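Here's the letter readout for the chains.
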Amino acid sequence: MLSQKIYSQKYAFTLAEALLTLVILGVVAALTVPGLKKHTDRQTLATQLKNGYSTLNKSLDYAYALDDSIDISKIGGDVFFTTHMMPNMNIATSCNESNMSKCIAGDATGLPFTAKNAVVLTGGFTIANNGFDFLIDSNGTNEPNQFDVDIYQYKLSQESIAPESSEDSSADDSSDDGDKNNSNSTGTWSFIPVGKARDIMDNGWKITHF
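Residues numbered from 1 in each chain as written. Predicted model: local features only at pLDDT ≥ 70, side-chain atom pairs only at ≥ 80, totals over all residues. Heavy atoms only, no water.

A. Region of interest: a nonpolar patch on the surface. Residues L15, L19, L22 and L25 make up a contiguous nonpolar surface patch of about 450 Å² in total accessible area. Within the secondary structure, L22 sits in helix 1 (residues 15-66). (Patch = residues over 30% accessible without salt bridge, like charges linked within 9 Å, V, L, I, M, F, W, Y side chains within 5 Å. Areas by Shrake-Rupley, 256 points an atom, 1.4 Å probe, with all protein chains shown as cover. Salt bridge = Lys/Arg side-chain N within 4 Å of Asp/Glu carboxyl O. Helix = DSSP H or I, 4+ residues; strand = E, 2+ residues; numbered from the N terminus.)

B. Seen up close, the side chain of Q153. Position of Q153 among the secondary structure elements: in strand 5 (residues 151-157). Other than its neighbours up to four places away in sequence, Q153 contacts P112, F113, D133, F134, L135, F147, I192, P193, V194 and A197. (Contact = heavy atoms within 4.5 Å.)

C. Just the nonpolar core, in detail. Within the largest apolar cluster, 31 residues are counted, with the highest numbers of intra-cluster contacts made by F80, I127 and Y154. Residue assignment for this core shows that the elements contributing at least two residues are helix 1, helix 3 (77-85), strand 2 (117-121), strand 4 (133-137), strand 5 and helix 5 (196-202). It is helix 1 that provides the largest number of residues to this core, a total of eight residues. (Core = buried A, V, L, I, M, F, W, Y, C linked by side-chain atoms within 4.5 Å. Buried < 20%, exposed > 50% of the residue type's maximum accessible area, 1.4 Å probe, protein only.)

D. Looking closely at the packing of aromatic side chains. For the structure on display, the rule yields six aromatic pairs. With 6.0 Å between their ring centres and 15° between their planes, F132 and W189 make a pair best called stacked. Note that F132 is positioned in the loop between strand 3 (126-130) and strand 4 and W189 in the loop between helix 4 (169-175) and strand 6 (190-193), a separation of 57 residues in sequence. The class of F132 is partly exposed, set by a relative accessible area of 28%. A relative accessible area of 10% places W189 in the buried class. Ring-pair connections join several aromatic residues into one group, and the members of that group are Y53, Y154 and W205. (Phe/Tyr/Trp six-rings, centres within 6.5 Å; stacked < 30°, edge-to-face > 60°.)

E. The arrangement of the pattern of salt bridges in detail. Taken as a whole, this structure holds three salt bridges when the rule is applied. The partner of K116 in a salt bridge is D78, and the shortest N-O contact between them spans 3.8 Å. On the criterion of sequence distance, the pair formed by K116 in the loop between strand 1 (91-95) and strand 2 and D78 in helix 3 is long-range, its members being 38 residues apart. R198 is the partner of D202 in a salt bridge, and the nearest nitrogen-oxygen pair spans 2.9 Å. Within this pair, D202 and its partner R198 are both found in helix 5, separated by four residues, close to a single helical turn. Accessibility expressed as a relative area gives 14% for D202, which makes it buried. Under the relative-accessibility criterion, R198 is labelled buried at 17%.

F. Fine view of helix 3. Within helix 3, burial applies to G77, F80, F81 and M85. All buried residues of helix 3 lie within an arc of 100° about the axis, which places them on one face of the element. (Arc of directions from axis to C-beta.)

G. Spatial organisation of the confidence of the model for the protein. On average, residues of the protein score 84 in pLDDT, and 79% of them are at 70 or above. pLDDT under 50 marks residues 164-186. Its contacts with residues more than four places away, or in other chains, come to 48 contacts. (pLDDT = per-residue confidence, 0-100.)

H. Region of interest: the environment of S138. Locating S138 in the fold gives a position in the loop between strand 4 and strand 5. Under the relative-accessibility criterion, S138 is labelled buried at 0%. Here the alpha-carbon distance between S138 and I151, two residues 13 residues apart in the chain, equals 6.1 Å. The contacts of S138, once residues within four sequence positions are left out, are L45, Q48, L49, G124, F125, D150 and Y152.

Quick look at the structure:
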C-alpha cells in the first residue's frame, strides 16, 4: 500500500499585512476618539449645568419658604444671593472680589460681567453673581473657562420663561426640578437662561453649539 501523506496548510498574516491592519486601526481611532470624547465632555457639562440651574431654583424656593416677605427688588440680587440663597447651598468654597479666582478662573474669557460673589458647590460647579446677573460654571475652575462653553449666564427676574413648545422634552426634564415657572410662594421670580443657556434648556439639556 502506498502511504498517503496529509499536509496541513496553515494561514497567517504576513508582517506587511499586520502592519497595514494596525495602520488602519490607528486611523479609525484617530478619527473617532476625539469625537467621542467631545460628545462625552458636552454631556458632562450639560449635566452639571442642569444641576447648577436646579440648585439656583431650589435655593430660591427655600429662601421664600423660610421668609415669604422677602422683597428681592428692594434688597437687590447681591444681598439676596449672599444672605438668603447661599445658606441653602452645599458650599465647598465661598468667594468675593478679593479671592474670586478660587471660584471663577482668572483666565476665564468672554464673561458678560465681573462677579462680586461666588461659591463652588460640593458638586463641582460654580455659581457667581453680580446684582441680578448670575453665572454657572459647569466645571468650576477647570478648563476651558470660556463663556458659552462651560460658563453660562442667567438672570434673576420676574420675566416669564414658559417653554416655546409643549412638545419640547426639556419641559418634562426641567419641571421635575422646578426649572420652569416657579409655582410656589416665590411668585413670578425665577432664573432666566440667557443666550446659549436658553438654547441648551430648549434642546432638552443637550449642548449642540460647539
